[in-house]
Amino acid sequence: MKVLLRFLVFCFILPIAISGCKKSKQVEKEPPIVVPPVEEPACKSCKLISSAAELAALTLIPGDTIMMKSGDWTDQKLVFKAKGTAQLPIVLIAQKAGSVNMKGASSIQIDGEYLEVSGLNFRGGKLTVGQFIIDFTSSSSNCRLTNTAIVDYNPTDATIDYRWVSMNGTKNRLDHCYIKGKSHQGATVVVWGKNSSLGHRIDHNYFGTRPDLGNNGGETIRVGTSDYYLTQSNVTVEDNIFDKCNGETEIVSNKMSNNIIRNNLFFESRGTLSLRHGNGTEVYGNYIIGNNLATVGGIRIIGENHLVYNNYIQGLKETGQLCAISIMDGVPNSAPSGYFQVKNVKVVGNTIVNCAEAFEIGAGKGGNDRTVPPANCTIANNLVQQKGGATLLKLADTPTGFTYTGNMAYATGVTMPEGFVQITQQMGTTTFGTYAPQSGHPAFGAFQGTFPFYTSTDVGAKALGDTHNALLKGEGIGPTWVPGLAASIVIKAQ
């Protein structure tokens, strides 16, 4: 809060030449963001720098603010190494947000405690294999990258593998950034694992278009690796928009335990929210919108003790591992990099609308030696609305110890499985093009059972509230200086 207040005060006293701007619709190939330059700041306590060398020469103490001069910074490899405190962080900030243009092979290493970087514009550059555009080092803790753009920072050779944001250390934050256009090998954002809690937060970012790599290794966010699948990493991924993130079959790949993935919008992204390794992760409040496009998937579950609840999934045309909610078969005595048996998972209070297949149990049976069916899971109080010919629940393998209770489905020509009740009233559309129960709908007041992680009186996902209204509008997502990011998001009621 103190950093924010100091920034607001600075912005108030800084003489700025204001130019008129016209909002325009987002297109696939966006024009460069032009930010007018400003004069040197009238801030005597700020250290104004013009190069990475000048940053390296500074002796920094808690409470310092370093200001990067507006203009082009080409081939500048910044090392931001210092130690602030919770009360007095050290801030590296653009002279004007968006006006510091990081080009060529420019990058930044964040190496210390309570460091904040804000307002940079990485656009159109490229690195070489083994490097990172943003590198939170293993010594970093409580550091932050915010209000920054990384766009089209690609090498000519798409097989070159480097990550755009690398998160080591503990309790670091990536927020309110615009990250778009990674067309080469490697995850866009990677959280590296270790044998202790990580505590990172990735929130309020706009992840724009990423083309299909055609092979593995193109996740938008990867949390951990299989080597650390049992570590309780406590990473939170929340309030982000994933817009046409098509890198590979996993958009978010969760590979560690006890994480939270909540209140994100996955829009026309060709892949899945995948609980790939690890146990005990909570997935809730997410909106997954397919608009009936090919290879857009839902939530894919592997492992134990996950909680998947209060999610909204609409317009998926695929079945199997890409259906709305797929619960996978496992591999006998699986290696860490394989497929562990699904056990003790609870899938509660989700809404699934106009999808080709709502649930598949034992998905992927036979592939990659998967022959162990899921066991002791609960599917309860989910609300499904389907068109004729869709599959409500498919048993690709025969699970053991499953409980089905309180589920409701509007589905013509379908025999109701155990634990599902056929209803005759359809949901109505909202102003966003999503669906919700209207007055008199049987879902109201029909919730059955008690679940400590989720309280509701109604079957299905909860009605749109302030958090999801803002998310579906794109409000508060991405940098303050990049307007209109969500303008192209249109949910098609079908």
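Basis of the calculations
Residues numbered from 1 in each chain as written. Predicted model: local features only at pLDDT ≥ 70, side-chain atom pairs only at ≥ 80, totals over all residues. Heavy atoms only, no water. Phe/Tyr/Trp six-rings, centres within 6.5 Å; stacked < 30°, edge-to-face > 60°. Buried < 20%, exposed > 50% of the residue type's maximum accessible area, 1.4 Å probe, protein only. Lys NZ or Arg CZ within 6 Å of the ring centre and 35° of its normal. pLDDT = per-residue confidence, 0-100. Contact = heavy atoms within 4.5 Å. Salt bridge = Lys/Arg side-chain N within 4 Å of Asp/Glu carboxyl O. Helix = DSSP H or I, 4+ residues; strand = E, 2+ residues; numbered from the N terminus. Core = buried A, V, L, I, M, F, W, Y, C linked by side-chain atoms within 4.5 Å. Pairing = 2+ DSSP bridges. Axes fitted to C-alpha atoms, helices over the stretch in contact; angles between N-to-C directions. Arc of directions from axis to C-beta. Lys, Arg positive; Asp, Glu negative; His and termini not counted. Polar contact = N/O pair within 3.5 Å; in protein donor to acceptor, adjacent residues only side chain to side chain.

### What to know about the packing of aromatic side chains
No. 1: Using the criterion set out here, one finds 14 aromatic pairs in the structure.
No. 2: With centroids separated by 5.8 Å and ring planes inclined at 45 degrees, the aromatic side chains of F402 and Y404 adopt a geometry described as tilted. With respect to class, F402 is no different from Y404; both count as buried.
No. 3: Ring centres 6.0 Å apart and planes at 70 degrees place the aromatic pair F447 and Y454 in the edge-to-face group. Residues F447 and Y454 agree in their burial class; the two are buried.
No. 4: The side chain of R222 reaches across the aromatic face of W192, ending 5.3 Å from its centre.
No. 5: Here the guanidinium or amino end of R370 rests over the ring plane of Y339, the centre of that ring lying 4.5 Å away.

### Some words on the confidence of the model for the protein
No. 1: Per-chain confidence: the protein averages 92 in pLDDT, with 91% of residues scoring 70 or above.
No. 2: Low confidence marks residues 1-32, where pLDDT is under 50. Its contacts with residues over four positions away, or in another chain, come to 35 contacts.
No. 3: The low-confidence segment residues 34-42, where pLDDT is below 50, has 25 contacts with residues more than four positions distant or belonging to other chains.

### Quick notes on the pattern of salt bridges
No. 1: Scanning the model with the defined rule gives 17 salt bridges in all.
No. 2: Between K47 and D64 there is a salt bridge, and its shortest N-O distance comes to 3.3 Å. On the criterion of sequence distance, the pair formed by K47 in strand β1 (residues 46-49) and D64 in the loop between α2 (52-56) and β2 (65-68) is long-range, its members being 17 residues apart.
No. 3: The class for K47 is partly exposed, based on a relative accessible area of 26%.
No. 4: Taking the shortest distance from any N to any O, the salt bridge between D111 and K81 comes out at 2.9 Å. Of this pair, D111 sits in strand β7 (residues 107-113) while K81 is found in strand β4 (residues 77-83), placing the two residues 30 residues apart along the sequence.
No. 5: Taking the relative accessible area as the measure of exposure, K81 reaches 57% and is therefore exposed.

### Digging into the nonpolar core
No. 1: Ranked by internal contacts, the top residues of the largest apolar core, which has 82 residues, are F80, L92, I134, I301 and F359.
No. 2: One finds I241, I289, W481 and I491 within the second-largest nonpolar core, a separate group that totals 30 residues.

### Thoughts on the sheet that holds strand β22 (residues 250-254)
Within a sheet, adjacent strands bond to each other through the backbone by hydrogen bonds, running parallel or antiparallel.
No. 1: Taken in spatial order, the twelve strands of this open sheet run β4-β7-β10-β13-β16-β19-β22-β25-β28-β31-β34-β37, and their pairing is parallel. Two strands bound the open sheet, and with one partner strand each, they are β4 and β37 (391-395). Pairs of neighbouring strands in the sheet enclose a mean axial angle of 10 degrees, with direction left out of account.
No. 2: The sheet contact formed by strand β19 (residues 221-223) and β22 spans three bridges and is parallel. Paired with R222 across the strands is S253, a residue of β22.

### A look at helix α3 (residues 466-473)
No. 1: Among the residues of α3, those classed as buried are H468, L471 and L472. Viewed end-on, α3 has its buried residues packed into an arc of 90 degrees, placing them on one side of the element.
No. 2: The secondary structure elements touched by the buried residues of α3 are β21 (241-243), β24 (265-267) and β27 (287-289).

### Considerations on the side chain of S141
No. 1: One can find S141 in the loop between β10 (132-136) and β11 (144-146).
No. 2: With relative accessibility at 14%, the residue S141 sits in the buried group.
No. 3: Excluding anything up to four places from it in sequence, S141 contacts G112, E113, Y114, T170, K171 and N172.

### A word on the pairing of strand β6 (residues 100-103)
In regular strands, side chains alternate between the two faces of the sheet.
No. 1: Inspection of the sheet shows strand β3 (residues 71-74) paired to β6 by four bridges, in the parallel sense. By the bridge assignment, T74 is partnered in β6 with K103.
No. 2: Here β6 runs beside strand β9 (residues 120-123); their pairing, made up of three bridges, is parallel. In the strand pairing of β9, M102 is matched with F122.

### Observations regarding the side chain of E248
No. 1: With respect to the helices and strands, E248 occurs in the loop between β21 and β22.
No. 2: Despite its burial, E248 pairs with no opposite charge; the closest candidate is R300, at 6.6 Å N-O.
No. 3: Engagement of the side chain of E248 in a polar contact is seen with the backbone nitrogen of G217, the distance being 2.8 Å.
No. 4: A polar contact is formed between the side chain of E248 and the backbone nitrogen of G218, at a distance of 3.0 Å.
No. 5: The contacts of E248, once residues within four sequence positions are left out, are N215, N216, G217, G218, E219, R270 and G271.

### Notes on the pairing of strand β13 (residues 163-167)
No. 1: Across the five residues of β13, five count as buried, placing the element largely inside the fold.
No. 2: Relative to β13, β10 runs parallel, the two being bridged by four bridges. Bridging across to β13, I134 finds its partner in V165.
No. 3: Of the strand pairs in this sheet, β13 and strand β16 (residues 189-191) are connected by three bridges, and their pairing is parallel. If you follow M167 over to β16, its bridge partner there is V191.

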